[in-house]
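# Descriptive structure summary
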Amino acid sequence: MVQCYIYRGAKGSSINHIYYKLLVQLEIDMLILKMRREGFVLLLSLLAIAPSLCVDAAVTLPPEDRPLIRHYYKKHNTCANVEEFVQHQVKIFWMQDKSITPKLVRLLYADCMTNGCDASILLDGPRSEKTAPQNSGLGGFVVIDKIKTVVEDRCQGAVSCADILNLATRDALHFAGAPSYPVFLGRRDGTESNAAWVDLPSPSISWEAALAYFQSKGLDVQDLATLLGAHTMGRTNCRYILDRLYNFNNTGKPDPTMKKSFLDEMRKQCPPRVKKGQSDPLVFLTPDYGPSYSFTNTYYARVLANESVLEIDQQLLFNDDTNQLTQEFASSFENFRKTFALSISRMGGLKVLTGNKGEIRRNCHFTNKNNPNGK
């Protein structure tokens, strides 16, 4: 039986037609991919006409977003133009520094996958989430700070840091080549942040462990394979791949899945030991497009060619579902773009605070109670 969806932000508040069409198409594309993996080829033609057949159903995209609605601040008349304010500031930063895209994506991931999308990653403190070892090297804070300042000047005490982070990430991704997916709004900010909560996995884990981690957060195998595609941008420190290059699984040999020419290239950039006083080198996750920080599907072609920098990326080939998704996304950039929009929207809806929970911080670095400036 084919399910059909019309997406609504909250009961009685439908999203506009453009976003409706996008979200329906995203869901249909996701179902098509799933059915290809499961062998339901004959249903593809039916799925193609699904939007015209299913006009009465109403569910939320994603399910975790039920408390969130489209154009929350406009509908509540608290900051009608917040999305335009955010987009303008992100564009200014992005024109000067394209690397803000992977920085913001990583910042959003670190926030949502730890304690839900409550902007707790932004809070300062001696034992806050940003001090955890897994969050070493996080960036993008200055972008959020600037946007918050601008928004507070126009709509004081109205817009949460959590919503700003989600909007800013969407806009930076769009400027880099991703679709401008709809962001459901209405998140409130958390009032606690604890480094002990951070359970972000190592980039050297197996696909089984990675999938178990994603499932523990409420995401699935398609979200795993899709969100890892963000590794088409950004860089990593050599320390995270030295085991693959020189001592894989304590064998004293490199990872046998690595293409020989790629192994030689990585060894040149990441020697087994750095000289005294030298910092840990950084390498692009996709060397061909990395320096441009473009959102492409090149990542998946490199996985298929055994040219992944991180072990978790290469692990996508070792599971039937993730292998087929890798092949699908490598051959179709549009399928990747649409499915990425759906998966990052799902991640952005994890364990959100709404209603009377949390607060609207005046400064993203401090709870209102602990704000040293009192505002």
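Remember, predicted model here, so these are calculated numbers, not experimental data.

Conventions adopted
Residues numbered from 1 in each chain as written. Predicted model: local features only at pLDDT ≥ 70, side-chain atom pairs only at ≥ 80, totals over all residues. Heavy atoms only, no water. UniProt positions renumbered as here; feature names shortened; annotations may be inferred. Helix = DSSP H or I, 4+ residues; strand = E, 2+ residues; numbered from the N terminus. Contact = heavy atoms within 4.5 Å. Buried < 20%, exposed > 50% of the residue type's maximum accessible area, 1.4 Å probe, protein only. Axes fitted to C-alpha atoms, helices over the stretch in contact; angles between N-to-C directions. Left-handed = near helix turned anticlockwise from the far one by under 90°. Nonpolar A, V, L, I, M, F, W, Y, C, P; charged D, E, K, R; others polar. Disulfide = S-S within 2.5 Å.

### What to know about the UniProt feature "binding site: Ca(2+) 2" (unreviewed entry) in the chain
UniProt records the feature "binding site: Ca(2+) 2" (unreviewed entry) for Thr232 and Asp288 in the present numbering. Of the residues just listed, which span 57 residues, no C-alpha pair is farther apart than 9.6 Å, and they cluster in one region. Mapping Thr232 onto the fold places it in the loop between α10 (221-227) and β3 (235-237). Residues contacting Thr232, with those up to four places away along its chain left out, are Thr286, Ser294, Phe295, Thr296, Thr298 and Tyr299. Its location among the elements puts Asp288 in the loop between β4 (282-284) and α13 (298-304). Given the relative accessible area of 44%, Asp288 is considered partly exposed. Setting aside residues no more than four positions away along its own chain, Asp288 makes contact with Thr298 and Arg302.

### Let's talk about the packing of helix α6 (residues 100-115) against helix α8 (residues 161-176)
Interaxial distance between α6 and α8 falls to 9 Å at its minimum, and their mutual angle equals 145 degrees. Considering only the axes of α6 and α8, their crossing is left-handed. Here Thr101, Leu104, Val105, Leu107, Leu108 and Asp111 of α6 lie close against α8, whose contacting residues are Leu165, Asn166, Ala168, Thr169, Ala172, Leu173 and Ala176. Looking at the contact of α6 with α8 residue by residue, the class counts come to nine nonpolar, three polar and one charged.

### What about the state of the cysteines?
A complete count under the given rule lists four disulfides for this structure. In this model, Cys79 is linked to Cys155 through a disulfide, with the two sulfur atoms separated by 2.1 Å. When the S-S torsion is 70 degrees, as for the bridge of Cys79 with Cys155, the disulfide is right-handed. In this pair, Cys79 sits in the loop between α4 (72-75) and α5 (82-96) while Cys155 sits in the loop between α7 (141-154) and α8, placing the two residues 76 residues apart along the sequence.

### Notes on unusual backbone geometry
Its identity is not glycine, yet His71 carries a phi of approximately 60 degrees, on the positive side. Its location among the elements puts His71 in the loop between α3 (50-53) and α4. The backbone phi angle of Asn77 is positive, close to 55 degrees, even though this residue is not glycine. Among the residues examined, Asn77 registers a relative accessible area of 66% and is labelled exposed.

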